[in-house]
Amino acid sequence: MVDLHVHILPELDDGAKDWEDALDMADMASSSGVRTLVALSHANLPGQNSAEFLKKYWEQFYNLENLLKKEGSSLEIVPGMELMSDGRLPGLLKEEKFLTLNGTKYALIEFDFEVSASQIYEDVDGMLNAGYIPVLAHPERYRCVSRQIGHVFEWQQMGAVIQVNKGSILGRFSERIRRNADLILKHRIASVVASDAHSSEYRTTEMNEVAEILETYYGSASVEILLKENPWRILCGEEILDSMPISFEQTLT
Ligand SMILES: [Fe+2]
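The shown structure was predicted, so the numbers you read here are calculated from the model rather than taken from an experiment. (Residues numbered from 1 in each chain as written. Predicted model: local features only at pLDDT ≥ 70, side-chain atom pairs only at ≥ 80, totals over all residues. Heavy atoms only, no water.)

I'd like a rundown of the packing of aromatic side chains, residues and numbers included.
The tally for this structure, following the rule as stated, stands at 9 aromatic pairs. With 5.5 Å between their ring centres and 80° between their planes, Tyr57 and Trp58 make a pair best called edge-to-face. Note on Phe111 and Tyr142: the rings are 6.2 Å apart at their centroids and 90° apart in plane angle, and the pair reads as edge-to-face. Taken together, the residues span a long stretch of sequence, with Phe111 in the loop between strand E4 (106-110) and helix H4 (117-129) and Tyr142 in the loop between strand E5 (133-137) and helix H5 (143-147) at a distance of 31 residues. (Phe/Tyr/Trp six-rings, centres within 6.5 Å; stacked < 30°, edge-to-face > 60°. Helix = DSSP H or I, 4+ residues; strand = E, 2+ residues; numbered from the N terminus.)

Lay out the coordination of the iron ion in plain terms, naming residues and giving numbers.
Surrounding the iron ion are the protein donor atoms His5 (NE2), His7 (NE2), Glu82 (OE) and Asp196 (OD), at 2.0 to 2.2 Å. Geometry at the iron ion is irregular, judged from its 4 donor atoms and the angles of 79 to 172° they form at the metal. Under the relative-accessibility criterion, His5 is labelled buried at 0%. (Donors = N, O, S within 2.8 Å, 3.2 Å for Na, K, Ca; no water. Tetrahedral: all angles 85-135°; square planar, octahedral: opposite > 155°, others 65-115°. Buried < 20%, exposed > 50% of the residue type's maximum accessible area, 1.4 Å probe, protein only.)

Lay out the environment of Asp196 in plain terms, naming residues and giving numbers.
Positionally, Asp196 belongs in the loop between strand E7 (192-194) and helix H9 (208-218). Considering only alpha carbons, one finds Asp196 and Ala137, 59 residues apart in sequence, at a separation of 8.7 Å. The contact partners of Asp196, leaving out residues within four places of it in the chain, are His5, His7, Glu82, His138, Asn165 and Arg203. (Contact = heavy atoms within 4.5 Å.)

Tell me what's going on with the packing of H9 against helix H10 (residues 220-235), and back it up with residues and numbers.
Their axes nearest at 6 Å, the elements H9 and H10 cross at an angle of 135°. Accordingly, the angle class assigned to the pair H9 and H10 is oblique. Two packed elements cross with a definite hand, and for H9 against H10 that hand is right-handed. Here Ala211, Leu214, Glu215 and Tyr218 of H9 come into contact with H10, specifically with Ser220, Ser222, Val223, Leu226 and Leu227. For the contact of H9 with H10, a count of residues per class yields 6 nonpolar, 2 polar and 1 charged. (Axes fitted to C-alpha atoms, helices over the stretch in contact; angles between N-to-C directions. Parallel < 35°, antiparallel > 145°, perpendicular 65-115°, else oblique. Left-handed = near helix turned anticlockwise from the far one by under 90°. Nonpolar A, V, L, I, M, F, W, Y, C, P; charged D, E, K, R; others polar.)

Explain the pattern of salt bridges to me, and be specific about the residues and the numbers.
Evaluation of the coordinates by the stated rule reveals 12 salt bridges. The shortest N-O distance in the salt bridge between Lys186 and Asp182 comes to 2.9 Å. Here the residue Lys186 and the residue Asp182 both occupy positions in helix H8 (residues 175-186), the gap between them amounting to 4 residues, near one helical turn. (Salt bridge = Lys/Arg side-chain N within 4 Å of Asp/Glu carboxyl O.)

Which residues make up the pairing of strand E1 (residues 2-6), and what values do they have?
The buried fraction of E1 amounts to 5 of the 5 residues, a majority that puts the element mostly inside the structure. In this structure, E1 lies alongside strand E2 (residues 36-43), joined through 3 bridges in parallel fashion. What sits directly across from Asp3, in E2, is Leu37. Running through helix H1 (residues 19-31), the crossover from E1 to the neighbouring parallel element E2 is right-handed. (Pairing = 2+ DSSP bridges. Right-handed = clockwise from strand over helix to strand, strands pointing away.)

Run through a negative patch on the surface, naming residues and quoting values.
A cluster of like negative charges, contributed by Asp18, Glu20, Asp24, Asp27 and Glu71, occupies part of the molecular surface. Of all the elements, H1 adds the most residues to the negative patch, at 3 residues. Mapping Asp27 onto the fold places it in helix H1. (Patch = residues over 30% accessible without salt bridge, like charges linked within 9 Å, V, L, I, M, F, W, Y side chains within 5 Å. Areas by Shrake-Rupley, 256 points an atom, 1.4 Å probe, with all protein chains shown as cover. Lys, Arg positive; Asp, Glu negative; His and termini not counted. Charge placed at Lys NZ, Arg CZ, Asp CG, Glu CD.)

Run through the sheet that holds E4, naming residues and quoting values.
The strands that make up a sheet pair up through hydrogen bonds in the backbone, lying either parallel or antiparallel. The 7 strands lie next to each other as E1-E2-E3-E4-E5-E6-E7, forming an open sheet whose pairing is parallel. Here the strands that pair on one side only, and so sit at the sheet edges, are E1 and E7. Strand after strand, the sheet turns through a mean of 30° between neighbouring axes, direction not considered. Pairing of E5 with strand E6 (residues 161-165) involves 3 bridges; the strand directions are parallel. If you follow Val135 over to E6, its bridge partner there is Val161. Each of E1, E2, strand E3 (76-84), E4, E6 and E7 is contacted by H10, which is oriented at about 70° to E1, the strand it contacts most.

Structural data, given as structure tokens:
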């Protein structure tokens, strides 16, 4: 499996609390069948000095890579950031102030949970116009999606890639969010499922449980597509598979 969304680097954000935690997260990922993961950090937060932050990011990235090598781990880590979206983001990416996913045209973006749907339309449009493909992290968690789930289909149709969180599928956030995730998956609007792991104890890198749920409720092809094929294609900068998504009926919202 390939996990596109893991906060495994310590001292950068609210992810791994120290190197021991980071190595535990790596072990857990490996033993649940993950071969490659994106070691990312939240970025483009208000007040963040990007030059300093980027330097610190690379230090932590290479530290973890060396630690994994020393341990004889077969886990591959690749660079990336979960970028707080705003109108300046395409410009900052062009200036290489922040990172896309493994240096490709795919950029993982997030929003405040209270974001308006119109802001997401605007930012997706801005990213696409600048030549980036926005990967929308966990849209099922946004309030505007709970109010009107049909927006997710529209963002996908515009050209955004929809990434659903493991924890949403497992019902770790709320029943409403679990239901949003279920509707997005049933309508084949999601292209990727990722852990969004933050520690080895809570919101972990363990991926077997979600793979089993995907297989049971959405078919074995969903495991191949959402946990292996598409995230791998993204990290290679290739086009993802066309999932032939189904639009929402008003009655389903
Ligand atoms: Fe995240």
